[in-house]
Each structure stands twice: as structure tokens, then as C-alpha cells.
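# Geometric and topological summary
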Amino acid sequence: MLAIEYPQGVLVAGVDEVGRGPLVGDVVTAAVILDPARPILGLNDSKALTDKKRQLLAPLIREHALAWAIGRCSPAEIDELNILQATMLAMSRAVAALHIQPGFVFIDGNRCPQLPMPSQAVVKGDSLVAEISAASILAKVARDQEMIELDARYPEYGFAQHKGYPTKAHFAALAEHGVLPEYRRSFKPVAIQLALSGGVLRS
């Protein structure tokens, strides 16, 4: 297992992303600098937590952290850059948006975005590094809320249930109702549906 060694004497941020796999919506990232004097119990990989637990932890993180910020890339940016590069850009945006800049950043995954400070990628960091766990929770809660809001506008797509991920029910809704402007047109199932509809987006 990778040894997690915290650098001494500098503020440390954790960064994670949510939404690389969905067919629709932004890829959302968060950056968090935790306050050692105000520990938060129960932090873990957001995927390992229930929605209820995430909803309880998110406001605690926002209240107790020294700094936190959300970064994102839009579907149009994802289509232009590709999902990996868009994720890296969204991560760098989250770090840049912190009102206190860290001296070191832990990144969930196996690669780091371009940052003006040292960073380290940590595979499965969302379950190993508290700052990344906190970031994963904020990013997940933010993106899920956006999918719930999209569901309110287009209930026939079921976004509140599948959160934009490529499920059987989502494929069926996409085929029946067409491609919304919020979809990532470079993703294969969306591109196929667009081709079938002659490139027409649903308004």
C-alpha cells in the first residue's frame, strides 16, 4: 500500500472528482483543506456512504474546513478536451478557487493536474486521505443535486435515479426522448442517438 506522508509545515488540500462516467452534465470536482483543530468523524469515500450520510457530512465539511471549493467542466468542454483532460482542468479550477492556497495537494487517482504547488496522486485516495474523502463527498453531493434539478425539468429521463450514468433505463429514455443540450455529445451512446435523429437536439 502506498505510504501517505503528509508534508510538514504546509497546508494540505485533497481533491477528488465525480462524474467522469455519466452521459450528461458537468464533471464536478472539489478541493478541501481540513482544519486539524476541528476533526470531522465519519469521513470516507463518498461511494461507500449512503446518501443520507453524505447529506449530513457535506454541511459539516463546508462549516469546519479551513477552505473548500468546487470546480467543474461543462459538457461542451468535455467534448472539446476529452473527459480525462476536462477532469484535470476541473481539478485545477477547484484548487485555484480555494480562498486559502495550500502548499501541497493530494489528488485521488493515478495522475495529477497541472498545479502551482507540489502534488501527489493517491490511488483510492478517497478512502485513504481524509482531505480527499471530504472532497469526494462535496463533489458527489453537488453533482447529485444538479441531476435532481435536471430531473425536475425533464422527469421522463430519470436523472434523479441514475444520476446520468449509462444504465439500461437511461439508454431507453435517451432513445425515446432524444438528446438534450446537457448531454456529452462525444460519448458514444449520445453520438449514436444524435446520428439517428439527424443531429437534432431536443429543446
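Figured I'd write up the structure that's included with this text. The structure displayed is predicted, hence computed values, not measured ones.

Here we come to the packing of aromatic side chains. Throughout the structure, instances matching the rule amount to 6 aromatic pairs. Relative to phenylalanine 159, the ring of tyrosine 157 lies with its centre 5.3 Å away and its plane at 5°, an arrangement referred to as stacked. Since its relative accessible area comes to 1%, tyrosine 157 is described here as buried. Each residue in the set Tyr154, Tyr157, Phe159 and Tyr183 is aromatic and connected to the rest through ring pairs, giving one cluster.

All right, on to the layout of surface pockets then. Each pocket or cavity is described by its volume, and for the largest pocket that value is around 220 Å³. If you trace the largest pocket, you find 14 residues lining it, with Tyr6, Leu34, Asp35, Pro36 and Glu131 closest to the centre. Its residues assigned to classes, the lining of the largest pocket shows 11 nonpolar, no polar and 3 charged. Quantified by volume, the second largest pocket comes out at close to 170 Å³. By residue number, the principal contributor to the lining of the second largest pocket is strand β1 (residues 12-18), which donates 3 residues. Considered class by class, the residues forming the lining of the second largest pocket number 2 nonpolar, 3 polar and 7 charged.

Our next topic: the side chain of histidine 170. The topology assignment puts histidine 170 in helix α6 (residues 168-177). Side-chain polar atoms of histidine 170 contact the backbone oxygen of tyrosine 165, separated by 2.9 Å. Not counting residues within four places of it along the chain, the set of residues in contact with histidine 170 comprises Leu23, Val24, Phe159, His162, Gly164, Tyr165 and Tyr183.

Burial analysis of strand β4 (residues 104-108) places 5 of its 5 residues in the buried class, the great majority of the element. Burial of the side chains of β4 extends over both faces: Phe104, Phe106 and Asp108 are buried on one face and Val105 and Ile107 on the other. Looking at chain direction, β1 and β4 are connected through 4 bridges and run parallel. Bridge pairing in β4 places alanine 13 opposite valine 105. Across 4 bridges, β4 lies against strand β5 (residues 119-122) in parallel orientation. Counterpart to phenylalanine 106 in the pairing with β5 is glutamine 120.

Within the secondary structure, aspartate 51 is located in helix α1 (residues 51-64). On the basis of relative accessible area, aspartate 51 is assigned to the partly exposed category, the value being 40%. C-alpha separation for the pair aspartate 51 and methionine 117, spaced 66 residues apart in sequence, amounts to 33 Å.

A sheet is described by the order of its strands in space; here 5 strands give the open sequence β3-β2-β1-β4-β5, paired in mixed fashion. Each having just a single partner strand, β3 (67-73) and β5 make up the two edges of the open sheet. On average, adjacent strands in this sheet sit at an angle of 20° to one another, irrespective of strand direction. Where β1 and strand β2 (residues 27-33) come together, 5 bridges link them in antiparallel fashion. Directly across from glutamate 17, in β2, lies its bridge partner threonine 29. Packed on one face of the sheet, helix α3 (residues 83-97) meets β1, β2, β3 and β4 and runs near 150° to β3. Running at roughly 35° to β1, helix α4 (residues 130-153) makes contact with β1, β2, β3, β4 and β5 of the sheet.

The rules behind the values
- Residues numbered from 1 in each chain as written.
- Predicted model: local features only at pLDDT ≥ 70, side-chain atom pairs only at ≥ 80, totals over all residues.
- Heavy atoms only, no water.
- Phe/Tyr/Trp six-rings, centres within 6.5 Å; stacked < 30°, edge-to-face > 60°.
- Buried < 20%, exposed > 50% of the residue type's maximum accessible area, 1.4 Å probe, protein only.
- 1 Å grid on protein atoms, 1.4 Å probe; cavity = no way out; pocket = protein on both sides within 12 Å on 5 of 7 lines; lining within 4 Å.
- Points joined across faces, edges and corners; volume = space filled by probe spheres on them.
- Nonpolar A, V, L, I, M, F, W, Y, C, P; charged D, E, K, R; others polar.
- Helix = DSSP H or I, 4+ residues; strand = E, 2+ residues; numbered from the N terminus.
- Polar contact = N/O pair within 3.5 Å; in protein donor to acceptor, adjacent residues only side chain to side chain.
- Contact = heavy atoms within 4.5 Å.
- Pairing = 2+ DSSP bridges.
- Axes fitted to C-alpha atoms, helices over the stretch in contact; angles between N-to-C directions.

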